[in-house]
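Residues per chain, in single letters:
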Amino acid sequence: MSSLVKDNPAKRRFEILVDGALAGFAAYDQPQGEVLVFTRTMVDPQYQDMGVGSELVRRALDHVRARGGRAVPRCSFVAAFIDRHPEYATLVIDEP
């Protein structure tokens, strides 16, 4: 199973493709400078319980970090991921 995570700014979301098919996305509000407010994470039912959501969020947060940005985890899935992976806690800020 190969996967690719990419930012789709036109749809304001990070998308994960698994073997070329859209498997899920992590949506964000209109960026406010370098701050992304993550609002929702969705994974297609056929890809659930396979780690796809966690990979999506990990790589989206890595992208935010690489750009020198910050994140607001309004989405409960993103917030729970950050709680389980404290190495991403330094990216989190309160609402901008």
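Before reading on, note that the structure itself is shown above.
A brief look at the structure comes next. Fair warning: this is a prediction, and the values are worked out from it, not measured in the lab.

Focus on the pairing of strand S5 (residues 70-73)
With 4 bridges connecting them, strand S4 (residues 35-43) and S5 associate as parallel partners. For Val35, the partnering residue across the bridge sits in S5 and is Arg70. In this fold, the crossover linking S4 to S5 by way of helix H1 (residues 52-66) has right-handed handedness.

Side note on the sheet that holds strand S3 (residues 21-28)
Taken in spatial order, the 5 strands line up as S1-S2-S3-S4-S5 in an open sheet, and their pairing is mixed. Taken across any chain shown, the strands that pair with only one partner, and hence form the sheet edges, are strand S1 (3-8) and S5. Neighbour-to-neighbour, the strand axes of the sheet open up by a mean angle of 30°, direction not taken into account. Relative to S3, strand S2 (residues 13-18) is paired through 6 bridges, and the arrangement is antiparallel. Across the sheet, Ile16 pairs through a bridge with Gly24, a residue of S3.

What counts and what doesn't
Residues numbered from 1 in each chain as written. Predicted model: local features only at pLDDT ≥ 70, side-chain atom pairs only at ≥ 80, totals over all residues. Heavy atoms only, no water. Pairing = 2+ DSSP bridges. Helix = DSSP H or I, 4+ residues; strand = E, 2+ residues; numbered from the N terminus. Right-handed = clockwise from strand over helix to strand, strands pointing away. Axes fitted to C-alpha atoms, helices over the stretch in contact; angles between N-to-C directions.

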